[in-house]
Amino acid sequence: MKKLALAIHGGAGTLIKGMMTPEKERSYKDALESALYVGYKLLESGLSAVEVVEACVKELEDSHLFNAGKGSVFTSEGKHEMDASIMNGKTLNAGAVSLVSGIKNPISLARDVMEKSEHVFLAAKGAMQFAEKLKYQLEDENYFHDDLRYQQWQEIRGTDSFKLDHSAKKDSKFGTVGAVACDSLGNLAAATSTGGMTNKQFGRVGDSPMIGAGNYANNKTCAVSCTGSGEYFIKGVVAYDLSCLIEYKGLSLQAAAKEVIQNRLLHIGGDGGLIAVDALGNIAMPFNTEGMYRAC
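On a predicted model such as this, the values are computed, not experimentally measured, just so you know.

## Remarks on the overall build of the chain
Scanning the chain from terminus to terminus reveals 9 helices and 11 strands. Burial status across the chain gives 57% buried among its 296 residues. Within the structure as shown, the chain displays about 12,200 Å² of accessible surface, and the carbon and sulfur contribution to it stands at 51%. Charge-centre separation for the chain: the mean point of 31 positive side chains lies 2 Å from the mean point of 35 negative side chains.

Here it is as structure tokens:
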């Protein structure tokens, strides 16, 4: 049996001391511990890496504490538009959805795109039609309403400003969530889910649903889930870049992850972090922000 490994994250830039009460910090850590416990029990029981990362991300999507699923931020129109992606490192199959609304667990819809369609990436109206075809139950807007998220939106509503979830100016609610796993057969998988940025306009899409940018898995190299300033993760094709440094330069997981986050991403002006695991069960969780909530 291969070495089991699991890592999850609840967003970068959020361990800002002085802005986090001990009670609130405990609640976030408890939520991460709970998701990690659920996932690791499934790994130990022999479930596949794909099943495990989906289960972990669903746990985080079901918490109002994170900017994904239930806790998603408000768009400029006062709606919730969610993105998610998942990838199977054994087959390189992947599924992603973007700009979906009313879906309780966008990560499950992404997995259905991977396994029940001929496509990789479905967006907006088309993704919703696909969900309807699969008889997804839609939650009403109240399910996604959170007072702190609403207050964040009110502060910049009606302006051209937007707020990344890890900006220091606010009482942080954490951003993008993700999970990476290595199962008992040495297969890898990665899953990432987000509600995007507060007051986003024009159908903005970040890196989270983009295979190779915010999410990637390949048994030959690693599984990666990113969080941070999405535009820069897209420009740097960060998740795939990490894999390439391992595949073509022969770097270790730790060295490749450090190079991407502490050098390449910073060089182009981006901030954030990632979690990654390889087929040997090694784990890397670098970040260049003030903090990143993560567990492994």
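## Focus: the sheet that holds strand 3 (residues 94-100)
Taken in spatial order, the 7 strands make up an open sheet running 4-3-2-6-5-1-11, and their pairing is mixed. The outermost strands of the open sheet, each flanked by one partner alone, are strand 4 (121-123) and strand 11 (292-295). In this sheet, adjacent strand axes meet at a mean angle of 10 degrees when their direction is disregarded. Sheet topology note: the strand 5 (residues 177-182)/strand 6 (residues 188-194) ladder contains 6 bridges and is antiparallel. For Val-180, the partnering residue across the bridge sits in strand 6 and is Ala-190. Packed onto the sheet, helix 2 (residues 49-61) meets strand 1 (5-12), strand 2 (82-88), strand 5 and strand 6 and runs at close to 155 degrees relative to strand 5. Helix 4 (residues 124-133) contacts strand 3 and strand 4 of the sheet and is inclined by roughly 105 degrees relative to strand 4.

## Things to note about the nonpolar core
Ile-8, Phe-66, Ile-86 and Val-97 are the most contacted members of the largest nonpolar core, which has 44 residues in total. No other element matches the 7 residues that helix 2 contributes to this core. Leave out the neighbours within four places in its chain, and Ile-8 touches Leu-32, Ala-35, Leu-36, Cys-56, Gly-178, Ala-179, Ile-275, Tyr-293, Arg-294 and Ala-295. Counting residues in each nonpolar core, the second largest holds 33 residues, with Tyr-216, Ala-217, Ala-223 and Val-238 among its members.

## Side note on helix 3 (residues 106-116)
Most of helix 3 sits inside the fold, with 9 of its 11 residues counted as buried. For helix 3, the set of buried residues is Pro-106, Ile-107, Ser-108, Leu-109, Ala-110, Arg-111, Asp-112, Val-113 and Met-114.

## Considerations on the state of the cysteines
Summed over all chains, the structure comprises 0 disulfides. Counting only cysteine sulfurs, Cys-56 is the nearest neighbor of Cys-296, a cysteine outside any disulfide, at a range of 12 Å. Under the relative-accessibility criterion, Cys-296 is labelled exposed at 53%.

## So, the packing of helix 8 (residues 238-249) against helix 9 (residues 253-267)
The geometry of helix 8 relative to helix 9 is characterised by a closest axis approach of 9 Å and an angle of 135 degrees between their N-to-C directions. When the axes of helix 8 and helix 9 are compared, the pair comes out oblique. With respect to the hand of their crossing, helix 8 and helix 9 are arranged in right-handed fashion. In this structure, helix 8 contributes Val-238, Asp-241, Leu-242, Leu-245 and Ile-246 to the contact, and helix 9 contributes Leu-253, Ala-256, Ala-257, Glu-259, Val-260, Arg-264 and Leu-265. Classifying every residue of the contact of helix 8 with helix 9 gives 9 nonpolar, no polar and 3 charged.

## A few points about helix 9
The first and last C-alpha atoms of helix 9 sit 20 Å apart over 15 residues, in line with the 21 Å expected at 1.5 Å per residue. Those residues of helix 9 that sit buried are Leu-253, Ala-256, Ala-257, Val-260, Ile-261 and Leu-265. Where helix 9 is buried, its residues touch helix 7 (230-235), helix 8, strand 9 (272-277) and strand 10 (283-284). Just downstream of helix 9, Gly-269 is the residue with a positive phi angle, here 95 degrees.

## A few points about the environment of Gly-212
Mapped onto the elements of the fold, Gly-212 is located in the loop between strand 6 and strand 7 (215-217). Along the sequence, Gly-212 and Tyr-240 sit 28 residues apart, while their C-alpha atoms lie 4.5 Å from each other. Residues within four places of Gly-212 in sequence aside, it is in contact with Val-237, Val-238, Ala-239 and Tyr-240.

## Considerations on the packing of aromatic side chains
Pairs of aromatic rings are described using the distance from one ring centre to the other and the angle between the two planes. By the definition in use, this model includes 6 aromatic pairs. Plain terms: the ring middles of Phe-74 and Tyr-150 are 5.5 Å apart, the flat faces sit at 75 degrees to each other, and that makes the pair edge-to-face. With a gap of 76 residues between them, Phe-74 in the loop between helix 2 and strand 2 and Tyr-150 in helix 6 (residues 147-156) connect regions that are remote in the sequence. Taking the centre distance of 5.0 Å and the plane angle of 90 degrees together, the rings of Tyr-143 and Phe-144 count as edge-to-face. In this structure Tyr-143 comes out as buried when scored by relative accessible area, which is 17%. Overall, Phe-144 belongs to the buried group, its relative accessible area being 1%. Here a set of aromatic residues connected by ring pairs shows up, and it is made of Phe-74, Tyr-150 and Trp-153. When the ring centre of Tyr-143 is taken as reference, the NZ or CZ atom of Lys-70 above it lies at 4.2 Å. The ring centre of Tyr-232 lies 4.5 Å from the NZ or CZ of Lys-235, which sits over that ring.

Rules of the game
- Residues numbered from 1 in each chain as written.
- Predicted model: local features only at pLDDT ≥ 70, side-chain atom pairs only at ≥ 80, totals over all residues.
- Heavy atoms only, no water.
- Helix = DSSP H or I, 4+ residues; strand = E, 2+ residues; numbered from the N terminus.
- Buried < 20%, exposed > 50% of the residue type's maximum accessible area, 1.4 Å probe, protein only.
- Areas by Shrake-Rupley, 256 points an atom, 1.4 Å probe, with all protein chains shown as cover.
- Lys, Arg positive; Asp, Glu negative; His and termini not counted.
- Charge placed at Lys NZ, Arg CZ, Asp CG, Glu CD.
- Pairing = 2+ DSSP bridges.
- Axes fitted to C-alpha atoms, helices over the stretch in contact; angles between N-to-C directions.
- Contact = heavy atoms within 4.5 Å.
- Core = buried A, V, L, I, M, F, W, Y, C linked by side-chain atoms within 4.5 Å.
- Disulfide = S-S within 2.5 Å.
- Parallel < 35°, antiparallel > 145°, perpendicular 65-115°, else oblique.
- Left-handed = near helix turned anticlockwise from the far one by under 90°.
- Nonpolar A, V, L, I, M, F, W, Y, C, P; charged D, E, K, R; others polar.
- Expected span 1.5 Å × (residues − 1).
- Phe/Tyr/Trp six-rings, centres within 6.5 Å; stacked < 30°, edge-to-face > 60°.
- Lys NZ or Arg CZ within 6 Å of the ring centre and 35° of its normal.

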